[in-house]
Amino acid sequence: MLIERADIVEWRHRYLRKIEQFRNEGREIVYLDETWVDNNLTFKKCWQHADEFGIQGNHSAGNRLIVLHVGSRNGSLNNAQLVYKAGSASGDYHGQMNQGNFEKWVDEKLIPNLPPNSVVVMDNAPYHSIQVDKPPTKYALNSYMKKWLRRKRVKFDEGLHKVDLYDLIVKHRPQEKTFRVDHRLSEYGHTVL
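Parameters and conventions
- Residues numbered from 1 in each chain as written.
- Predicted model: local features only at pLDDT ≥ 70, side-chain atom pairs only at ≥ 80, totals over all residues.
- Heavy atoms only, no water.
- pLDDT = per-residue confidence, 0-100.
- Helix = DSSP H or I, 4+ residues; strand = E, 2+ residues; numbered from the N terminus.
- Contact = heavy atoms within 4.5 Å.
- Buried < 20%, exposed > 50% of the residue type's maximum accessible area, 1.4 Å probe, protein only.
- Core = buried A, V, L, I, M, F, W, Y, C linked by side-chain atoms within 4.5 Å.

**Student:** Provide a residue-level description of the confidence of the model for the protein chain, including the pertinent values.
**Tutor:** When pLDDT is averaged across the protein chain, the result is 86; 82% of the residues are at 70 or more. The lowest-confidence element of the protein chain is strand 4 (residues 82-85), averaging 86 in pLDDT; the highest-confidence one is strand 5 (residues 119-121), averaging 97. This stretch, residues 89-94, has a pLDDT under 50; its non-local contacts, to residues over four places away or in other chains, come to 15 contacts.

**Student:** Hey, could you go over unusual backbone geometry for me, with residue numbers and the actual values?
**Tutor:** At Asn 79, a residue that is not glycine, the phi angle is positive and equals roughly 60°. Take Asn 79: its relative accessible area is 52%, and that puts it in the exposed class. We note that Asn 117 has phi near 60°; this positive angle belongs to a residue other than glycine. Judged by its relative accessible area of 39%, Asn 117 is partly exposed.

**Student:** Tell me what's going on with the nonpolar core, and back it up with residues and numbers.
**Tutor:** Residues Leu 32, Val 70, Phe 102, Trp 105, Val 106, Leu 110 and Leu 185 are the most contacted members of the largest nonpolar core, which totals 21 residues. Looking at this core, the elements with two or more residues in it are strand 1 (29-38), strand 2 (64-72), helix 2 (99-113) and helix 5 (180-187). In terms of residue count, the dominant contributor to this core is helix 2 (five residues). The contacts of Trp 105, once residues within four sequence positions are left out, are Leu 32, Leu 68, Val 70, Ala 80, Gln 81, Leu 82 and Leu 110. One finds Ala 140, Leu 149, Leu 165 and Ile 169 within the second-largest nonpolar core, a separate group that totals nine residues.

Right, dumping it as C-alpha cells:
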C-alpha cells in the first residue's frame, strides 16, 4: 500500500490554498523554470518497436543550451528569457545554473518585466533557495558558530562547548527561513510561492 508522506500532503494543501487566494485577489501568477537542450544529443538505448529500429548513435552533447524563462496564462513574459551555452555537457543542467546566474537573471530580466504585485511560482532548486543569514548547523565549526552568534549580538562565554553554542543558535535563530530571491522580489512588491 502506498501512503504519501503527511508533510508532502500538507505542503500541497498549503500551495493550493495560496494559489486559490492569489487568483481570487486577481494577482498575476507567473511560473518560472529552467531546462536544457542539446542540438545533437542521442542515446544508444531507446524505446522502440520490434519492427523499427530507434536511434543508433550517441553523439557529443557539447552543444548544450541552458534555458530559463517565465510564463503565465498570458504567455511568456517579454524580455525575461535567458538562453546561454553551457560550459560543460557533463551531468544535468543544474550544474550549469547557479546562484550567481539565477540572481543576476532575477535582477536584470525578471524584476524589470514583472507586472506589479505578481506572484512568482518556482520550485526549490538549490540556487532558488539560498537562505539569508543561514544559521550554523550542529556540524559547523565552533569558530563559525561563534561568528554567527556575535553577528546576532548574542552574549556567550568564549569557552562554551559546541553543543552549548548550538543550543544558543537554536534559541536565537529566526522561526521562519528567509530566502535571498524571495526577499529581493518582496522588495519590489512581489510574492514567491
